[in-house]
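Breakdown of the fold
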Amino acid sequence: MDKPIKLYVVVPCYNEEAVLPETAKRMEELFESMCQSLLIDRGSRVVFVDDGSRDKTWNIIDSLTKKNDIFAGIRLAHNAGHQNAVLGGMMTVMNECDCAVSIDADLQDDINVIPRMAERFAEGYDVVFGVRNKRETDTWFKRTTAEGFYKVMRMLGVDLVFNHADFRLLSRRALAALSQYPERNMFLRGIVPTLGFRSTCEYYDRQERFAGESKYPLKKMLSFAFDGITSFSIRPIRFISGLGAAACIVAIVMAVYTIVCKIIGHTDSGWASLMLSLWFIGGVQLLSIGLIGEYIGKIYKEVKRRPRYIIEAYVNNRETKAEDDNT
Ligand code: UDP
Ligand code: MG
């Protein structure tokens, strides 16, 4: 390897006071060993992004940045959500590093994969996806719903890396490309594969959440899945259009049938089927309107061009960072 890599690790944190001290400790050890093996530069950083937490998360981050220069902190002014926290962190540090790795704060993803990712980067890869081998530590429900989600997304034509969450390395080039995506509904797992560039996967076993509880309750998970689908695929709307067309054909047949019945004279007999089709068409219409509304809602959000996140503070002791090490 020619030159140590300047690596930034971006960690989104939402009410993570229970895990942060341990995460920081393990990151510190990892960074020390990567620095010693000359894999990474001493100017590398672990950047904690506080996503508008209500607990002591920011206090912990703040004191970490005072304790050791490898730690930096970004505080978002409000809870922008996991995807936006990751993106906000990545975009903030983009021009300061050679590559950035995003990883959850809860130590579910194996941090020892980071050096392997950095090595892949040194070999010339711009994107390295962290992929889970198995999901034994997740509950049956979480595993089934999550894997089902990947399958549905595939069926809908969205290019996702199976069992890859938001643990990935992006080179500076890839980050610059990502910064050109202006959309508000950021679904990073769907967008990163569309960036192109040379990419590869690194496999690991997913652990149980170290402490604290999941910040993704069922409601958030469902809305995340729904967002993912409607942000990337127009197939549901096509399907509804097809269903609408089929319903129209049925309706025409029913109309002919009713008219014929009327001419023959047994009007009564058509009543049940008429009522049925009435309900059926009503249902299809409602469903279609709902779905179209979903897309209009998306357009509405996009045209507002609201900022995806607002940074309240960025603490990074760059003045003291060991840049002289390079000279
Ligand atoms: N997170 C965040 N903002 C949110 C929700 C979650 O930054 O609004 C962070 C959280 O602190 C964690 C990561 O996103 O580092 C993943 O969340 P979690 O582990 O709760 O999700 P799960 O692993 O259960 O899917
Ligand atoms: Mg987690």
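Above this text sits the structure in question.
The present account deals with the structure reproduced in this document. (Residues numbered from 1 in each chain as written. Chains lettered and ligands numbered in written order. Predicted model: local features only at pLDDT ≥ 70, side-chain atom pairs only at ≥ 80, totals over all residues. Heavy atoms only, no water.)

**A short note on the nonpolar core**
Ranked by size, the top nonpolar core spans 40 residues in total, and within it Leu7, Val9, Phe48 and Ile114 carry the most contacts. Those elements that place two or more of their residues in this core are β1 (7–13), α1 (20–36), β2 (45–50), α2 (57–67), β4 (99–102), α4 (113–122) and β6 (164–171). Not counting residues within four places of it along the chain, the set of residues in contact with Val9 comprises Met27, Phe31, Arg45, Val46, Val47, Val101, Ile103 and Ile114. If you look at the next biggest cluster of nonpolar residues, it comprises 32 residues, including Tyr8, Val10, Val93 and Val127. (Core = buried A, V, L, I, M, F, W, Y, C linked by side-chain atoms within 4.5 Å. Buried < 20%, exposed > 50% of the residue type's maximum accessible area, 1.4 Å probe, protein only. Helix = DSSP H or I, 4+ residues; strand = E, 2+ residues; numbered from the N terminus. Contact = heavy atoms within 4.5 Å.)

**Brief notes about the side chain of Arg189**
You can see Arg189 is positioned in helix α7 (residues 188–194). Using a relative accessible area of 11% as the deciding quantity, one classes Arg189 as buried. Among the polar contacts made by the side chain of Arg189, one reaches the side chain of Tyr150 at a distance of 3.4 Å. Within the structure, the side chain of Arg189 is placed 3.2 Å from the side chain of Asp166, a separation counted as a polar contact. Setting aside its immediate chain neighbours within four residues, Arg189 contacts Gln83, Tyr150, Asp159, Leu160, His164, Ala165, Asp166, Arg168 and Phe224. (Polar contact = N/O pair within 3.5 Å; in protein donor to acceptor, adjacent residues only side chain to side chain.)

**Things to note about the pairing of β6**
Two faces, one strand: in a regular strand the side chains alternate between the faces of the sheet. Extensive coverage of β6 is indicated by the burial of eight of its eight residues. Pairing of β4 with β6, which is carried by four bridges, proceeds in the antiparallel orientation. In the strand pairing of β6, Val101 is matched with Leu169. Direction of pairing for strand β5 (residues 127–132) relative to β6: antiparallel, over a ladder of four bridges. Residue pairing in the sheet places Phe129 in a bridge with Arg168 of β6. (Pairing = 2+ DSSP bridges.)

**With respect to the pairing of β2**
For β2, the buried fraction is high: six of the six residues fall into the buried class. Burial along β2 is two-sided: the residues Arg45, Val47 and Val49 and Val46, Phe48 and Asp50 are all buried. Crossover connection from β1 via α1 to parallel β2: handedness right-handed. Pairing of β2 with strand β3 (residues 71–76) involves five bridges; the strand directions are parallel. Residue pairing for β3: Val49 is matched across the bridge by Ile74. (Right-handed = clockwise from strand over helix to strand, strands pointing away.)

**Comments concerning α2**
An α-helical segment advances 3.6 residues per turn. Residues three or four places apart therefore align on the same side. Within α2, burial applies to Thr57, Trp58, Ile60, Ile61, Leu64 and Thr65. Axial view of α2: buried residues confined to an arc of 160°, hence all on one face. Within α2, the exposed residues directed more than 90 degrees away from the buried face are Lys66 and Lys67. (Arc of directions from axis to C-beta.)

**Looking at a nonpolar patch on the surface**
Together, Trp140, Phe141, Leu218 and Leu222 make up a nonpolar patch on the protein surface, roughly 470 Å² of accessible area in all. Mapped by element, the contributors of at least two residues to the nonpolar patch are α5 (140–155) and α8 (218–232). Among the secondary structure elements, Leu222 is positioned in helix α8. Relative accessible area serves as the criterion here: at 55%, Leu222 is assigned to the exposed category. (Patch = residues over 30% accessible without salt bridge, like charges linked within 9 Å, V, L, I, M, F, W, Y side chains within 5 Å. Areas by Shrake-Rupley, 256 points an atom, 1.4 Å probe, with all protein chains shown as cover. Salt bridge = Lys/Arg side-chain N within 4 Å of Asp/Glu carboxyl O.)

**Remarks on the packing of α1 against α2**
The N-to-C vectors of α1 and α2 enclose an angle of 25°; their axes lie 10 Å apart at closest approach. When the axes of α1 and α2 are compared, the pair comes out roughly parallel. As α1 packs across α2, the resulting crossing turns out to be right-handed. Across the interface between the two elements, Leu20, Pro21, Ala24 and Glu28 of α1 pack against Thr57, Ile60, Ile61, Leu64 and Lys67 of α2. Broken down by class, the residue content of the contact of α1 with α2 amounts to six nonpolar, one polar and two charged. (Axes fitted to C-alpha atoms, helices over the stretch in contact; angles between N-to-C directions. Parallel < 35°, antiparallel > 145°, perpendicular 65-115°, else oblique. Left-handed = near helix turned anticlockwise from the far one by under 90°. Nonpolar A, V, L, I, M, F, W, Y, C, P; charged D, E, K, R; others polar.)

Scope: geometric values only; no functional claims are made or implied.
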